[in-house]
Amino acid sequence: MGIIASNTLTIFTTGTFVGIGATYAYFILKCKNKPKEEAWKNGMEERYEFEDAKDEYRLILGVRNDLKMQKGKVAAQCGHAAVAAYAKTQKERPKILPLWLKYGGTKIAVRVDSEEELLSLCKKAKELNVLTSIVRDAGQTQVAPGTRTVIAIGPAPKIGERDLENLHTFFGETLVLATELVDKCKIIEYKLQDGIRNVFKIISYNDQYTLYDNINFCHCSYFRSQVLEARGAITCKHVLAVRLGKIIGKTSEEIVTPSQLVDFLNEQINYIGYNNEY
């Protein structure tokens, strides 16, 4: 307990910086998370004006130009890609759908010059933790069976290279590690019915960490050595992963009772005491 007592100021000071960085990311991504908002409302198919026309969420459709498909074929393939992207997002990141549709369900078609470029775009999107869907044609007209015709990237919030550079400058390699956690691990938000108190749990293949909302603290060894002792880092990958997961809608949610929430907190205390980390 000596380390916690002697570094209380460090925890809350760095917590401020983490909050600033996460807030910066929040405003970059323009993500107002409203899980209970309906993805589709009656009458939306007839709307031509939306609440916000800034197109902050968009779906990119990359069409292979080298195939020389006719306009009708391109339209059909883009339709397949958009439906596939919608279905995949609904399954894996349902919180994003109402945000995308709120901005008009923006879709942007761009030219892709080859299959190699299409696959390269797919790889880059996955590195940024953005969903992708690739359409393979049945081959009944114009192209051979199994031909990759269109890639759908997103829907996702738009973010510029300068924004990514600023975030990387702020958090360094921790940002890269955090995005890998968001992509590979399960992040669960346990919250009370009233939504006032909640905790997060990151579950990986061989370990798990319990973290608290809006508090910069983790019981991992990196947080102890680099944040509390050396003071060479602002936070750890687990804390940042929770923040990023909330922003991009990559967390799942479970409602718990007050007694269950207490059990989670006791579990954390027992884990720390057993491992004698603090």
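Because the structure is a prediction, the values reported are computed rather than measured.

Q: Help me understand the overall build of the protein, please; the structure alone is not making it clear to me.
A: In terms of regular secondary structure, the protein is built from 10 helices and 8 strands. Residues counted as buried form 42% of the 278 residues belonging to the protein. Split by element, the accessible area of the protein, about 15600 Å² in all, is 54% carbon and sulfur.

Q: What is the right way to read the sheet that holds strand β3 (residues 132-136) from this model?
A: What links the strands of a sheet is backbone hydrogen bonding, and the strands pair in either a parallel or an antiparallel sense. Taken in spatial order, the 4 strands line up as β2-β1-β4-β3 in an open sheet, and their pairing is mixed. The sheet is open, and its two borders are formed by β2 (106-112) and β3, each paired with just one other strand. Mean inter-strand twist for the sheet, computed between neighbouring axes without regard to direction, equals 20 degrees. Alignment of β3 against strand β4 (residues 148-157), held across 5 bridges, turns out to be antiparallel. Counted as the bridge partner of threonine 132 is isoleucine 153 from β4. Taken strand by strand, helix α3 (residues 71-92) contacts β1 (57-64), β2, β3 and β4, and its axis lies near 45 degrees from that of β4.

Q: Which parts of the structure should I look at to understand the UniProt feature "domain: SWIM-type" (unreviewed entry) in the protein?
A: Sites flagged by UniProt as "domain: SWIM-type" (unreviewed entry) map to residues 209-247. A distance of 19 Å separates the end C-alpha atoms of residues 209-247, which is 51% helix and 10% strand.

Q: For this particular structure, what's the right way to read helix α9 (residues 237-248)?
A: Three- or four-residue spacings in an α-helix give side chains the same orientation, since the helix completes a turn every 3.6 residues. If you check α9, its first and last C-alpha atoms are 16 Å apart, about what 12 residues at 1.5 Å a residue would give, namely 16 Å. Among the 12 residues in α9, 10 count as buried, and that is most of the element. Buried residues of α9: His238, Val239, Leu240, Ala241, Val242, Arg243, Leu244, Gly245, Ile247 and Ile248, and no others. Of the residues flanking the end of α9, it is glycine 249, one or two places downstream, whose phi is positive at about 75 degrees.

Q: How should the packing of aromatic side chains be read in this particular structure?
A: Describing an aromatic ring pair means giving the distance of the ring centres and the angle of the ring planes. Within this structure, the stated rule accounts for 1 aromatic pair. Judged by centre distance (5.6 Å) and plane angle (70 degrees), the ring pair of phenylalanine 217 and phenylalanine 223 falls under edge-to-face. Here the two residues phenylalanine 217 and phenylalanine 223 agree in accessibility, since each one is buried.

Q: Help me out: how do you make sense of the sheet that holds strand β7 (residues 208-212) in this one?
A: The 4 strands are arranged β7-β6-β5-β8 in an open sheet whose pairing can be described as mixed. This sheet does not close on itself; its edge strands, each paired only once, are β7 and β8 (252-255). Between one strand axis and the next, the sheet turns by 25 degrees as a mean value, whatever way the strands run.

Q: How do you make sense of the packing of helix α7 (residues 173-184) against α9 when you look at a structure like this?
A: Contact geometry for α7 and α9: axes closest at 8 Å, N-to-C directions at 60 degrees. Comparing the axis directions of α7 and α9 gives the class oblique. As for how α7 packs across α9, the hand of that crossing is right-handed. Two secondary-structure elements touch here, α7 through Thr174, Leu175, Leu177, Ala178, Thr179, Leu181 and Val182 and α9 through Lys237, His238, Leu240, Ala241, Leu244, Gly245 and Ile248. Of the residues in the contact of α7 with α9, the class split is 9 nonpolar, 4 polar and 1 charged.

Q: What's the story with the nonpolar core in this structure? I'm lost.
A: The nonpolar side chains of a soluble globular protein tend to be buried, and buried together. Formed by 27 residues in total, the largest nonpolar core has its most connected members in Ile202, Leu211, Cys218 and Phe223. Mapped by element, the contributors of at least two residues to this core are α6 (161-171), α7, β6 (198-203), β7, α8 (221-229) and α9. Element by element, the count of residues in this core is highest for α9, at 7 residues. In this structure leucine 211 touches Val199, Phe200, Ile202, Phe217, Cys218, His238, Val239 and Val242, once residues within four positions along its chain are discounted. Counting 19 residues, the second-largest nonpolar core is a separate cluster that includes Ala81, Ile96, Trp100 and Val135.

Q: Please clarify how the pairing of β6 should be interpreted in this entry.
A: The two faces of a sheet get side chains in turn, since along a regular strand they alternate between them. Of all 6 residues in β6, 5 are buried, a share of seventy percent or more. Bridge count between strand β5 (residues 186-191) and β6: 6 bridges; the pairing is antiparallel. Counted as the bridge partner of glutamate 189 is phenylalanine 200 from β6. One ladder, built from 5 bridges, connects β6 with β7; its direction is antiparallel. The residue bridging valine 199 from the neighbouring strand is tyrosine 212, located in β7. Linkage of β6 to β7, two consecutive antiparallel strands, is achieved through a turn of 4 residues.

Q: Could you clarify how one ought to interpret the environment of leucine 59 in this entry?
A: Structurally, leucine 59 is set in strand β1. We classify leucine 59 as buried; its relative accessible area is 0%. C-alpha of leucine 59 to C-alpha of proline 155: the two residues are 96 residues apart in sequence and 4.3 Å apart in space. The contacts of leucine 59, once residues within four sequence positions are left out, are Ala82, Ala85, Trp100, Thr106, Lys107, Ile108, Ala152, Ile153, Gly154 and Pro155.

Analysis parameters
- Residues numbered from 1 in each chain as written.
- Predicted model: local features only at pLDDT ≥ 70, side-chain atom pairs only at ≥ 80, totals over all residues.
- Heavy atoms only, no water.
- Helix = DSSP H or I, 4+ residues; strand = E, 2+ residues; numbered from the N terminus.
- Buried < 20%, exposed > 50% of the residue type's maximum accessible area, 1.4 Å probe, protein only.
- Areas by Shrake-Rupley, 256 points an atom, 1.4 Å probe, with all protein chains shown as cover.
- Pairing = 2+ DSSP bridges.
- Axes fitted to C-alpha atoms, helices over the stretch in contact; angles between N-to-C directions.
- Contact = heavy atoms within 4.5 Å.
- UniProt positions renumbered as here; feature names shortened; annotations may be inferred.
- Expected span 1.5 Å × (residues − 1).
- Phe/Tyr/Trp six-rings, centres within 6.5 Å; stacked < 30°, edge-to-face > 60°.
- Parallel < 35°, antiparallel > 145°, perpendicular 65-115°, else oblique.
- Left-handed = near helix turned anticlockwise from the far one by under 90°.
- Nonpolar A, V, L, I, M, F, W, Y, C, P; charged D, E, K, R; others polar.
- Core = buried A, V, L, I, M, F, W, Y, C linked by side-chain atoms within 4.5 Å.

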